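Spelled out, the chains give:
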Amino acid sequence: MTRQIHKSDIIKSKIKRFHLRFFWQLIIAFVLVIVLAWGGMLLAGRAALNRMERDRMPATALLWADRLADYYSEQGSWEQVESMIAGYPCGSDWSPWGEDWQTDYALTAPDGAILSASDDEQLGRELSHWNLDRAAPVTVDGQVVGYLLLPPLDHFKPGRALGITSALQGFLMTGLFIGLGSLTVGLVISRGMSRPLISLTDAARAVAAGDLSARVPVRYRGEVRELAVAFNDMAQDLARADELRRNLTADVAHELRTPLSVIRGKLEGVLDGVYPATAEHLQPILEETELLTRLVEDLRLLALAEAGQLTLEKRPMNAGDLLRDAQVNFGPQAADRGVTLALALSPELPQVMADWRRISQVMGNLLTNALRHTPAGGCVTMSAAVASSLVGDMVKVTVADTGAGISPQDLPYIFERFWRGEKSRSRAGGGTGLGLAIAKQLVEAHGGTIGAESAPGKGARFWFTLPAAK
């Protein structure tokens, strides 16, 4: 029993996996549409021919239907009706039949069985429904007692059927040519619609297999082109994220390796008696330990901010006070470097909703970065002004320096982890490379935005916005 259930599950799974490709689904849809259109055209053509034949019913048929009704009413049956019909002379002026009467005619019972005909070989046969629709009913007391069929007898004799048969064949051939043309167009359209989907499927499978360089050709139009562009953008973002992940691993290893090497070397020297355990030799160990602590804390803060789990104590605060406080804290450092730290505030600045400690950290990171890249005799200017946006009033804080600026190639990446403008990555030119990345996450956690503008040789201008307090 278990084996049977297992086999049935396998069969069901195979059935679920079986599906037609999109190309064949379109072809089947086109074929069904063609068959339905062809069948509808055939039925419509046949109905039109029926109406044409009924409209062509001779007036003599109607006149003789009345005369035959009188005969049936008097006789009570159709016996000897041939004699009555033959008793009328052909082509006489008073004859309602005309000279073709005794050439072609058929009188049938209500069920279509031929009772009398100009051709004795037709006696006993049944008239087709096709011809019954063209026959004149013979009615007695409101009841049909027979049908009279007169020329044109298109289906009464084989020779007479050629007209309608030819018409139907014409309909069929026309439908066939239209169907073949439609199927050809359908094949072209189906191929054109399925080809980009096949390319997209292959590229998606390649990306799923780890090949993030896979791209879809963007040579189509309309929604298919938009889909291809969106997929390529997604693949590019994935490739960029994967590169950042690898770089992050390498950068963390690099940042940890240097202080750990210093700590290990100093400790081994002290233990081996090479260095005495004095403050002079223990101080570098303490400094490297503090550097590791800051690095680990920065990584933890960055991870919490990116995950949206960083707790913020937002309160209404004055943006001008924030900048004045930063000027006081960083004034000595700027003076030591020979850099002027200027402040420019717009009047009547509104309060902002922010966490003082975290925004002070943002200002500290921006000012540290600006002072580090501004030569002696330069100037770093802090400013704040009101800026309107779609989400309401914002306060825009700017930190501008007169340093060497940032190259256009580096500008898109300055807010990424461990980015440094100096490719040698020596600490003489920068810190851990997490300051701007942390500043970006903290500003966005407050509902603001951050950005930078720069040109080589013209300094850099960093700015961020904070929502005004309501």
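The residue numbering used here restarts from 1 in each chain and proceeds along that chain's sequence as written. Totals for whole chains, interfaces and linings use every residue, but because this is a predicted model, local features are given only for residues with pLDDT of at least 70 and side-chain atom pairs only at 80 or more, for both listing and counting. Side-chain numbers here rest on the full set of heavy atoms in the structure, without hydrogens or water.

### Considerations on the environment of Phe415
The criterion, for reference: Secondary structure is summarised from DSSP: a helix means a run of H or I of at least four residues, a strand means a run of E of at least two, and numbering begins at the N terminus for each. For the exposure calls, accessible area comes from a 1.4 Å probe over protein chains only, and a residue counts as buried if that area is under 20% of its type's maximum, exposed if over 50%, partly exposed in between. A contact between two residues is defined here by any heavy atoms of the two lying within 4.5 Å.
Relative to the elements of secondary structure, Phe415 occurs in the loop between strand E9 (392–401) and helix H11 (435–445). Overall, Phe415 belongs to the buried group, its relative accessible area being 17%. Sequence separation of Phe415 and Ala452 is 37 residues, and the distance between their C-alpha atoms is 9.3 Å. If sequence neighbours within four positions are ignored, Phe415 has contacts with Leu436, Ala437, Lys440, Ile450, Gly451, Ala452 and Phe462.

### What about the packing of helix H9 (residues 319–336) against helix H10 (residues 356–372)?
Operational definition: In this analysis, axes come from line fits to C-alpha atoms, helices being fitted only over the stretch in contact, and the angle between any two N-to-C directions falls in the range 0 to 180 degrees. For this classification, under 35 degrees means roughly parallel, over 145 means roughly antiparallel, 65 to 115 means roughly perpendicular, and everything else is oblique. Crossing handedness follows the turn of the near helix against the far one: under a right angle anticlockwise gives a left-handed crossing, and clockwise gives a right-handed one. When residues are sorted by character, Ala, Val, Leu, Ile, Met, Phe, Trp, Tyr, Cys and Pro go into the nonpolar class, Asp, Glu, Lys and Arg into the charged class, and all the rest, Gly among them, into the polar class.
In contact at an axis separation of 10 Å, H9 and H10 are set at 40° when each is read in the N-to-C sense. Here H9 lies oblique to H10, going by the angle between them. For the crossing formed where H9 meets H10, the hand is right-handed. Seen from H9, the contacting residues are Asp321, Leu322, Leu323, Asp325, Ala326, Phe330, Gln333 and Ala334; seen from H10, they are Trp356, Ile359, Ser360, Met363, Gly364, Leu367, Thr368 and Leu371. A per-class count over the contact of H9 with H10 returns ten nonpolar, four polar and two charged.

### Some points on the pairing of strand E4 (residues 143–149)
Note the cut-off: Strands qualify as paired when DSSP identifies two bridges or more between them.
Looking at chain direction, strand E1 (residues 106–108) and E4 are connected through three bridges and run antiparallel. Within the sheet, the bridge partner assigned to Leu107 lies in E4 and is Leu148. Examined bridge by bridge, strand E3 (residues 136–140) and E4 share five bridges and lie antiparallel to one another. Of the residues in E4, the one forming a bridge with Val138 is Gly146. Hairpin connection, E3 to E4: the antiparallel pair is bridged by two residues, and Asp141 has positive phi, about 55°.

### Quick word on the pairing of strand E11 (residues 460–467)
Side-chain direction in a regular strand flips from residue to residue, so the side chains alternate between the two faces of the sheet. When you tally the buried positions in E11, you get six out of eight residues, the bulk of the element. Pairing analysis gives five bridges linking strand E10 (residues 450–454) to E11, with the strands arranged antiparallel. Its bridge partner being in E11, Gly451 is matched across the sheet by Trp463. From the end of E10 to the start of E11, which pair antiparallel, there are five residues, and Gly457 there has a positive phi angle of about 85°.

### Structural notes on the confidence of the model for the chain
Rule in force here: What pLDDT conveys is the predictor's confidence in a given residue, as a value from 0 to 100.
Put simply, the chain has an average pLDDT of 77, and 75% of its residues get 70 or more. The model gives residues 1–5 a pLDDT under 50, and that stretch makes zero contacts with residues more than four places away or in other chains. Across residues 10–18, confidence stays below pLDDT 50; counting only partners more than four residues off in sequence or on other chains, it has zero contacts.

### Overview of unusual backbone geometry
For Gln80, which is not glycine, the phi dihedral falls at a positive 65°. Turning to its location among the elements, Gln80 is positioned in the loop between helix H3 (59–75) and helix H4 (81–86). A residue is classified by how much of its surface remains accessible, and Gln80, at 57% relative accessible area, is exposed. The phi dihedral of Asp141 falls on the positive side, at around 55°, and the residue is not glycine.

### Here's the deal with the pattern of salt bridges
Pairing between side chains of opposite charge can happen when the charged atoms of each approach one another. The cut-off we apply is this: Take a side-chain nitrogen of Lys or Arg and a carboxyl oxygen of Asp or Glu: if they are within 4 Å of each other, that pair is a salt bridge.
Scanning the entire structure with this criterion turns up six salt bridges. Measuring nitrogen to oxygen at the nearest pair gives 2.9 Å for the salt bridge that ties Asp321 to Arg324. Residue Asp321 and its partner Arg324 are located together in helix H9, separated by three residues, close to a single helical turn. The partner of Glu444 in a salt bridge is Lys440, and the shortest N-O contact between them spans 2.9 Å. Of the two residues, Glu444 and Lys440 both sit in helix H11, four residues apart, roughly one turn of that helix. Given a relative accessible area of 25%, Lys440 falls into the partly exposed group.

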